Amino acid sequence: YSTECESGCQCPNGLLDDGQGHCVKEHECPCQHDGYFYVPGSQIPDQCNTCTCKMGKWECTKKKCPGTCIIYGSGHYSTFDQKKYGFTGQCAYMAVQNKCGNKTVEDTFRVITENIPCGTTGTTCSKSVRIQLGKAEIKLAKGTYEVFDLAEGPEIKYTIRNVGLYLVVEASLGLAVLWDRKTTIRILLEPQHSAGVCGLCGDFDGDIQNDFTTQGQMVVSSPLEFANSWKVSSTCPDAEGSINSCAMQPHRHSWAQLQCGIIMKTFQECHKKLNPAPFYDNCVRDSCACDSGGDCECFCTAVAAYAQACNEVGVCVAWRTPEIC
């Protein structure tokens, strides 16, 4: 029994089964999305595009959407093209820049994240961010920001403001950085930068396969080799493999699993739109790792990452309480 719209033995010739027990004309076929049926002419958003139901199929506009790169917790990365990987190096790394290879750019920008150990197991968290916009550098650290003059480079307009939990730096050239004042950074780029950037956030060309392009313009398969190539200072040691913080801290493992259970329980309505498993695993790993003060900071950041991702697919969950985060 098919829920798709097909002409067959259930309906007279010329009519189609709509998957809900009715026989309809072809132009009246509904469309399906996330387990729901939509009547012809219905519209749903897909990022910055709109999809319209026509004769049982979704027809979507094809605008290029802004890209988001997310870095949070103990080295979790999601590139502009949605490639996810883990990397914990103790150094400053180039998250994104628009001067790549040997091309010349007038208005240069760079976002550099600095990783600092956030536990005794050697795990690192991104704790400070440097945003270079032409001749200005904005440093985000310890919950606040400082602005420095780099003396050379063009003048690029930017604004700094508070939005809810976030401190937001917006530049006129189509770059925005959202920082939760702790360990989460979200970098937003307008479509005009598509395929024109490089760094730990990838190249934003819509192709996930070539995201691991090193500073020497080589595509590699190892996230370790890729990320090490983007360190800002050559005197930094290369990072070596990932650390299994829960194996090193077995007494924290069950506590971490219990705490992170909120992703599996409280967020159930989001599960069918967004797989919670990778977020849960990251949450457990981070909660095991952060054992030198600010224990809950890493746990809260990891849950907030899933909450924000759920928000983006249209499921809003009120999860913070006086006891939790």
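The coordinates are above.
Here the structure is a predicted model, which is why all the values come from computation and not from measurement.

Enquirer: An account of the overall build of the protein is requested, with residue identities and associated values reported.
Expert: Regarding its fold elements, the protein presents six helices and 19 strands. Per-residue burial over the protein gives 45% buried out of 325 residues. In the protein, of all internal contacts separated by at least 6 residues, the share reaching a separation of at least 24 is 46%. Carbon and sulfur atoms form 51% of the exposed surface of the protein, whose accessible area is close to 16700 Å². For the protein, the centre of its 28 positive side-chain charges and the centre of its 36 negative side-chain charges are spaced 4 Å apart.

Enquirer: I'd like to hear about the sheet that holds strand 7 (residues 57-60), residue by residue, with values.
Expert: Ordered by their spatial adjacency, three strands build an open sheet running 5-6-7, and the pairing between neighbours is antiparallel. Unpaired on one side and paired on the other, strand 5 (43-46) and strand 7 mark the two borders of the sheet. Pairwise comparison of adjacent strand axes, ignoring direction, gives a mean angle of 35° for this sheet. Judged from the four bridges that link them, strand 6 (residues 49-54) and strand 7 form a sheet pairing that is antiparallel.

Enquirer: Go over the state of the cysteines, please, and point to the residues and values.
Expert: Under the criterion given, the structure shown has twelve disulfides. The disulfide partner of C69 is C201, and the gap between their sulfur atoms is 2.0 Å. For the disulfide bridge between C69 and C201, the dihedral angle about the S-S bond is near -75°, and by the sign convention the bridge is left-handed. With C69 in strand 8 (residues 67-72) and C201 in the loop between strand 19 (185-189) and helix 1 (223-228), this residue pair connects regions lying 132 residues apart in the sequence. Like C69, the residue C201 is buried in the burial classification.

Enquirer: Mind laying out unusual backbone geometry, listing which residues take part and the relevant values?
Expert: We note that Q82 has phi near 70°; this positive angle belongs to a residue other than glycine. Within the fold, Q82 resides in the loop between strand 9 (76-78) and strand 10 (84-86). Given the relative accessible area of 48%, Q82 is considered partly exposed. In the Ramachandran plot, A151 falls in the positive-phi region, its phi being about 75° despite a non-glycine side chain. Its place among the elements puts A151 in the loop between strand 15 (144-149) and strand 16 (158-163). For A151, a relative accessible area of 68% puts it in the exposed group.

Enquirer: Lay out the nonpolar core with the relevant residues and their values.
Expert: The biggest cluster of nonpolar side chains holds 44 residues, and the ones touching the most others in it are F80, V96, V111, I131, L175 and I187. Considering every element that reaches this core, the biggest residue donor is strand 11 (residues 92-97), with five residues. Discounting chain neighbours no more than four positions away, the residues touching F80 are G67, T68, C69, V96, I187, L189, V197, C201, G202 and F204. Within the second largest apolar cluster, 26 residues are counted, among which are F267, C288, A305 and A307.

Enquirer: Please provide a residue-by-residue account of the sheet that holds strand 17 (residues 166-171), values included.
Expert: With antiparallel pairing, the seven strands of this open sheet are ordered in space as 10-9-8-19-18-17-16. Looking along the sheet, the strands with just one partner apiece sit at the ends: strand 10 and strand 16. Averaged over neighbouring strand pairs, the angle between their axes works out to 15° when direction is ignored. Sheet topology places strand 16 next to strand 17; six bridges connect them, and they run antiparallel. Bridging from a neighbouring strand, V163 pairs with Y166 of strand 17.

Enquirer: Let's hear about the pairing of strand 14 (residues 136-141): which residues, and what values?
Expert: Burial runs high along strand 14: five of the six residues are buried. In terms of strand pairing, strand 14 meets strand 15 through six bridges, oriented antiparallel. Looking at strand 15, one finds that A136 is bridged to D149. Hairpin geometry of strand 14 and strand 15 is characterised by an intervening segment of two residues between the two adjacent antiparallel strands and by a positive phi of about 50° at K142.

Enquirer: Please set out the packing of aromatic side chains residue by residue, giving values where relevant.
Expert: The geometry of an aromatic ring pair is captured by two quantities: the separation of the ring centres and the angle between the planes. Counted under the stated rule, the structure contains ten aromatic pairs. Note on F267 and Y306: the rings are 5.4 Å apart at their centroids and 65° apart in plane angle, and the pair reads as edge-to-face. Placement of F267 in the loop between helix 3 (250-265) and helix 4 (268-271) and of Y306 in helix 6 (residues 295-312) is noted, with a sequence separation of 39 residues between them. Seen from the ring of F212, K83 lies directly overhead, with NZ or CZ sitting 4.8 Å from the centre.

Enquirer: So, the environment of D18: which residues are in play, and what are the values?
Expert: Mapped onto the secondary structure, D18 falls in the loop between strand 1 (16-17) and strand 2 (23-24). In this structure, the C-alpha to C-alpha distance between D18 and C31, residues 13 residues apart in sequence, is 8.9 Å. Polar contacts involving the side chain of D18 include one to the main-chain amide nitrogen of G21, which spans 3.4 Å.

Cut-off values and rules
- Residues numbered from 1 in each chain as written.
- Predicted model: local features only at pLDDT ≥ 70, side-chain atom pairs only at ≥ 80, totals over all residues.
- Heavy atoms only, no water.
- Helix = DSSP H or I, 4+ residues; strand = E, 2+ residues; numbered from the N terminus.
- Buried < 20%, exposed > 50% of the residue type's maximum accessible area, 1.4 Å probe, protein only.
- Contact = heavy atoms within 4.5 Å.
- Areas by Shrake-Rupley, 256 points an atom, 1.4 Å probe, with all protein chains shown as cover.
- Lys, Arg positive; Asp, Glu negative; His and termini not counted.
- Charge placed at Lys NZ, Arg CZ, Asp CG, Glu CD.
- Pairing = 2+ DSSP bridges.
- Axes fitted to C-alpha atoms, helices over the stretch in contact; angles between N-to-C directions.
- Disulfide = S-S within 2.5 Å.
- Core = buried A, V, L, I, M, F, W, Y, C linked by side-chain atoms within 4.5 Å.
- Phe/Tyr/Trp six-rings, centres within 6.5 Å; stacked < 30°, edge-to-face > 60°.
- Lys NZ or Arg CZ within 6 Å of the ring centre and 35° of its normal.
- Polar contact = N/O pair within 3.5 Å; in protein donor to acceptor, adjacent residues only side chain to side chain.

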